[in-house]
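Residue-level structural notes
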Amino acid sequence: LVFKAPIFLSELGYLTAKPTTTQTQEEPAQVPPNPIISIPKINVSAPLVFAQSNIEANFQKDLENGVVHYANTAMPGENGNSVLFGHSSNDWWEPGNYKFVFVLLDKLVVGDTYTLNYNSKQYVYQVTETKVIEPTDLSVLTSTGTPEMTLITCTPPGTSWKRLIVQAK
């Protein structure tokens, strides 16, 4: 319990917080150039890190600095499947400030929205499906003909048993 206290604190904070709206917001007049994913419903605002490769050691290092765009998938706003990974939990002594960034990702439901700022443009994504899959199921990486995004994290938090998938358009 001590090692995974942030998981419980995040759940408690979510349960006691006032509900936030997930309605689409007007596009801001000026979008900052830094790539950021923002999911207000679960209090996420994190930098987007673009992985140069999918080599595990490099990928784990990238996860220390934010939510990671999986190399060789579509860029945000482009036709195809843009795949993003984030930790749901990690050991408190491990480096990085984003060890629990997706700990509440399971709270997203069909219809919820989130935004992603990329190249000074803001993209609004609406959740179309959530599911839990085996870690070996790579079908969620499949490209599409329309701009879509897949968010992936380990589930249940504190384990790496399964993968929680949130798909959005």
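Our subject is the structure that appears above.
A brief report on the enclosed structure follows.

Parameters at a glance
Residues numbered from 1 in each chain as written. Predicted model: local features only at pLDDT ≥ 70, side-chain atom pairs only at ≥ 80, totals over all residues. Heavy atoms only, no water. Phe/Tyr/Trp six-rings, centres within 6.5 Å; stacked < 30°, edge-to-face > 60°. Helix = DSSP H or I, 4+ residues; strand = E, 2+ residues; numbered from the N terminus. Buried < 20%, exposed > 50% of the residue type's maximum accessible area, 1.4 Å probe, protein only. Pairing = 2+ DSSP bridges. Salt bridge = Lys/Arg side-chain N within 4 Å of Asp/Glu carboxyl O. 1 Å grid on protein atoms, 1.4 Å probe; cavity = no way out; pocket = protein on both sides within 12 Å on 5 of 7 lines; lining within 4 Å. Points joined across faces, edges and corners; volume = space filled by probe spheres on them. Nonpolar A, V, L, I, M, F, W, Y, C, P; charged D, E, K, R; others polar.

1. Overview of the packing of aromatic side chains
For any two aromatic rings, the description comes down to two numbers: the centre-to-centre distance and the angle of the planes. Throughout the structure, instances matching the rule amount to five aromatic pairs. A ring pair is formed by F50 and Y118, whose centres lie 5.4 Å apart and whose planes are at 45 degrees; its orientation type is tilted. Note that F50 is positioned in strand β2 (residues 44-50) and Y118 in strand β5 (residues 113-118), a separation of 68 residues in sequence. Summarising the aromatic geometry, the rings of F59 and F85 are spaced 5.2 Å apart at their centres and angled 90 degrees between planes, so their arrangement reads as edge-to-face. Pair noted here: F59 is in helix α2 (residues 56-63) and F85 is in strand β4 (residues 80-85), with a separation of 26 residues, a long-range link. For the pair F59 and F85, a shared accessibility class is recorded, and that class is buried. Put simply, the rings of F59, Y70 and F85 touch in pairs and so form one group of aromatic residues.

2. Let's talk about the pairing of strand β6 (residues 121-133)
As defined by bridge partners, β5 adjoins β6 across six bridges and the pair is classed as antiparallel. If you follow Y114 over to β6, its bridge partner there is Y125. Counted along the chain from β5 to the antiparallel partner β6, the turn is two residues long, and its residue N119 has a positive phi close to 55 degrees. Inspection of the sheet shows β6 paired to strand β8 (residues 162-168) by six bridges, in the antiparallel sense. From the neighbouring strand, I133 faces β8, where its bridge partner is R163.

3. Re the pattern of salt bridges
Within the structure shown, the criterion is met by five salt bridges. Between E64 and K61 there is a salt bridge, with the nearest N and O atoms lying 3.3 Å from each other. For E134, the salt bridge is made with K162, and the minimal N-O distance between the two is 2.3 Å. Residue E134 is located in the loop between β6 and β7 (147-155), and its partner K162 is located in strand β8; the two are separated by 28 residues in the primary sequence.

4. Examining empty space enclosed by the protein
The tally for this structure, following the rule as stated, stands at one cavity of 30 Å³ or more. As a volume, the largest cavity reaches approximately 30 Å³. No other element matches the three residues that β7 contributes to the lining of the largest cavity. Taken together, the residues of the lining of the largest cavity break down into six nonpolar, three polar and one charged.

The values are spatial; any link to function lies outside them.
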